[in-house]
Amino acid sequence: MQLTVAHLKRGQRGIITDVSSIYIPLKLLEMGCLPGNYVELVQVAHFSDPMYLNINGTHLAIRKETALHIFIEIL
Amino acid sequence: MSKQINVALIGNPNTGKTSVFNALTGLNQKVGNYPGITVEKKEGICKLPRGVKAHIIDLPGTYSLNASSLDENVVIELLLNKNDKDFPDVAVVVSDVENLKRNLLLFTQIKDLEIPAILVINMADRMRYKGISLDIPHLEEQLNTKIALVSTRKKNGIVELKELISNYKDLSTTPCMNASEIDREYFDNLRKAFPNQLLYKLWLVITQDVNFGKTDRNEIDAVANFKTKTKADLKRLQQKETIKRYQFINNTLKKGQTIDLNTAKDLRIKLDRILTHKVWGYVIFFVILLTIFQAIYDWSSVPMDFIDSSFVSLSEWTKNGLPEGAFTSLLAEGIIPGLGGIVIFIPQIAFLFLFISVLEESGYMSRVVFLMDRGMRRFGLSGKSIVPLISGTACAIPAIMATRNIENWKERLITILVTPFTTCSARLPVYLIIISLVIPEGRFLGLGYQAMTLMLLYLIGFGAALVSAMILNKILKIKSKTFFVVEMPNYKLPLFKNVVLTVIEKTKAFVFGAGKIILAISIILWFLASYGPGDDFNKAEEIISTEYANQNLTEDEVNEHVASYKLEHSFLGITGRAIEPAIRPLGYDWKIGIALVSSFAAREVFVGTLATIYSVGSDDEETIKNRMAGEVNPILGGPLFTFASGISLLLFYAFAMQCMSTLAIVQRETNSWKWPILQLVIMSGFAYLIALIAFQLLK
């Protein structure tokens, strides 16, 4: 099974390997959600949704349904 | 006329762009709207060295030149249209030192448009604290620009920035990278088809629906004799472009920026651990709200009493000081009490805007969005709906405009429809005056009953919004993609200047906006109450003196009877009594009826209207509140404002849709009359029903 941002645990880091662009808005890419950049799960709300991430130094929150389409390797 | 240059301030949200704008322009700014749309347009004048003046325009924050909202579209439309009178001679791109990498994306796009651009690196005072050091000459060389290190907090760098702006002619317009490399063949074809157009401009036009007059997208497709791209292809190319830009930025920053993580201290982590905590996060949010409401109540009572009594003396002074006549009476009984009814609420409204702007400026509001998203989704809303719902406590109009950053149309529509339930500042005057009349003053556990009633009314507003959202979510069958991306900016101590300017600007807009309506309505009401048809009105003195002939009344008492008889038979009285049967079951008399009807122009008119009605013909020096307390129920006897009729009125105002401006804005934002009409009918019908039940149960 391929790992996604939704699999990260709090405090864990990963490297983005791919994003499925149909499900990911351009805005998220522009904020740094691109292959090769690191991603860290900073905080989660109830049921891990939404997820508060640090992507490449940018802090942002996305919903779990979006997180499922960002593929990563866990560090 | 002296030389004036156009400067556009552009930048990502949360970079302190507005602080830079405030530092440059000070109080020389004005807020309006872009023609035809409701996007806020902020512009100001700044004096530069050597007698040059700059016209500065603060564009809406955007992450890139690929628009995904109406606000962002404004930025692109301006930058692509050389004929616009605001087209910038120089663009000042504001970035934040901690997010330089992301901020530079927008900068490189602007450079590709060959507009002279200055890079402002803001919040430079945080560099040492964050362990960041920058090689400015290297960055300037790589980016073909001039850089101003600015700290609006420490007031550093503004002079240097002004100097750079005034020397804008020396700036290079060479792009810092070549975007056409993402698809050489396609871009070559474009160039051949439109040799006179800037290539990157064409690309921006193709990838989004910008309406900028000369070359629109369809025209490009029609002229192009080469293979055009599908939407999916274009998106893939935009992704490629973004990656390419980041490669360039990473290379530039590799040498130009070093970050020593060991010296970086992060307050964010510590604060977020508590403020976004699964339990404490919510507790803290609730405590903050409670504190705000208590403070609004406690802090504003002194200035309010002062304003109230000042207007009474002013009215009295006018009456005694000016020669008797229709004009004096219009002034003393119509205009002054009517205006008093709005001025009195300035303290509260100012405090409310103060708190909202502090919450926004500090970065806390994003945490609330994060905390509330899942819960709000259950009601068919988004975490981002919390911002409109909270700013709806100031005014529904900017709140409905703030729904624009909700990406999902269904969530956005529901938010627009339910926002008018939240307690806007126009309801506040009505609530305050009625609460002070019918709710006792005692305290329980340090919280006043009156403050608690107010808090309860706010909760009822939110509750109504949530419940109706849930119902709408079930009924509305709209399918739309959900994208939820919210930036979590770093915590910042709000800048005093920004907060003060926001409070002044919003309060001013509220007072002048409402003031115009109130003034007009006061004059109309005074006229309707001071004149009437037929003998009943014109011969009131004779009628009264015959009626009470054998009762030995003093002159004052006779005058009072004459005045109230006149009012009852004036145009206003006749209208009021015509609608009385419809509102009597709610516990109101015809005077309240008039106030209710005039409230449909705007709710805050209620108090002013009552003040005008009650002061017509009355001679005594009284505050609005005492006048209302002295009103007698014409049928039941006893005071008109009892617990039952008071609660009924409060509930009516909590639910009814009584704001023409909100209806207009809903029409604009949804582009349909269906939604505002539904809002008007359903909300007001429901309000009537609830007020009826409340009065019948409590009386």
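Check the entry above for the structure.
Residues numbered from 1 in each chain as written. Chains lettered and ligands numbered in written order. Predicted model: local features only at pLDDT ≥ 70, side-chain atom pairs only at ≥ 80, totals over all residues. Heavy atoms only, no water.

Residue and element names in this part refer to chain B. One pass over the full model with this rule turns up 12 aromatic pairs over all chains. One aromatic cluster in this structure is built from Tyr-186, Phe-187 and Trp-203. One cation-aromatic arrangement involves Arg-367 over Tyr-491; the distance from NZ or CZ to the ring centre is 4.1 Å. The ring of Phe-484 is capped by Lys-384, whose NZ or CZ atom sits 5.7 Å from the centre of that ring. (Phe/Tyr/Trp six-rings, centres within 6.5 Å; stacked < 30°, edge-to-face > 60°. Lys NZ or Arg CZ within 6 Å of the ring centre and 35° of its normal.)

What the 6 strands build is an open sheet, ordered S5(A)-S1(A)-S2(A)-S3(A)-S4(A)-S12(B); its pairing is antiparallel. Two strands bound the open sheet, and with one partner strand each, they are strand S5 (70-74) of chain A together with strand S12 (485-487) of chain B. In this sheet, neighbouring strand axes are inclined to one another by 40° on average, regardless of whether the strands run parallel or antiparallel. Helix-sheet contacts for helix H15 (residues 364-377) of chain B involve strand S2 (38-44), strand S3 (51-55) and strand S4 (58-62) of chain A together with S12 of chain B, and the interaxial angle to S3(A) is about 130°. (Pairing = 2+ DSSP bridges. Helix = DSSP H or I, 4+ residues; strand = E, 2+ residues; numbered from the N terminus. Axes fitted to C-alpha atoms, helices over the stretch in contact; angles between N-to-C directions. Contact = heavy atoms within 4.5 Å.)

Contacts between the two partners involve 32 residues from chain A and, on the opposite side, 40 residues from chain B. For the pairing of chain A and chain B, the buried interface totals around 3400 Å² over both sides, and the portion due to carbon and sulfur atoms is 56%. Taken together, chain A and chain B are joined by 4 salt bridges. On inspection of chain A and its partner chain B, the count reaches 19 residue pairs in polar contact (both at pLDDT 80 or more). Looking at the side of chain A that touches chain B, the elements that each hand over two or more residues are helix H1 (26-30), S2, S3 and S4 of chain A. Pairing geometry for S4(A) and S12(B), over 3 bridges, is antiparallel. Along S12(B), the bridge assignment pairs A:Leu60 with B:Glu487. (Buried area = accessible area lost by both parts, 1.4 Å probe. Salt bridge = Lys/Arg side-chain N within 4 Å of Asp/Glu carboxyl O. Polar contact = N/O pair within 3.5 Å; in protein donor to acceptor, adjacent residues only side chain to side chain.)

Below, the discussion takes up empty space enclosed by the protein. All names here are of chain B. For the structure shown, the criterion picks out 6 cavities of 30 Å³ or more. Approximately 90 Å³ is the volume attributed to the second largest cavity. For the lining of the second largest cavity, the elements supplying multiple residues, two or more each, are helix H12 (280-321) and helix H14 (346-362). Taken together, the residues of the lining of the second largest cavity break down into 9 nonpolar, 1 polar and no charged. (1 Å grid on protein atoms, 1.4 Å probe; cavity = no way out; pocket = protein on both sides within 12 Å on 5 of 7 lines; lining within 4 Å. Points joined across faces, edges and corners; volume = space filled by probe spheres on them. Nonpolar A, V, L, I, M, F, W, Y, C, P; charged D, E, K, R; others polar.)

Moving on, we get to unusual backbone geometry. The omega angle of the peptide bond from A:Asp49 to A:Pro50 is -5°, so this bond is cis rather than trans. Inspection of the secondary structure assignment puts A:Pro50 in the loop between S2 and S3. The phi dihedral of B:Arg50 falls on the positive side, at around 60°, and the residue is not glycine. Here B:Arg50 shows up in the loop between strand S3 (40-47) and strand S4 (53-58).

Time to look at a negative patch on the surface. On the surface, B:Glu555, B:Asp556, B:Glu557 and B:Glu560 cluster together to form a negatively charged patch. The residue B:Glu555 is located in helix H24 (residues 555-568) in this model. (Patch = residues over 30% accessible without salt bridge, like charges linked within 9 Å, V, L, I, M, F, W, Y side chains within 5 Å. Areas by Shrake-Rupley, 256 points an atom, 1.4 Å probe, with all protein chains shown as cover. Lys, Arg positive; Asp, Glu negative; His and termini not counted. Charge placed at Lys NZ, Arg CZ, Asp CG, Glu CD.)

Residues and elements named next belong to chain B. Overall, mixed pairing links the 7 strands, which are arranged S2-S3-S4-S1-S5-S6-S8 in an open sheet. Pairing within the sheet leaves two strands with one partner each, and these edge strands are strand S2 (29-33) and strand S8 (146-149). On average, adjacent strands in this sheet sit at an angle of 25° to one another, irrespective of strand direction. Bridge analysis of S2 against S3 gives 5 bridges, and the strand direction is antiparallel. Looking across to S3, one finds that Asn-33 is bridged to Glu-40.

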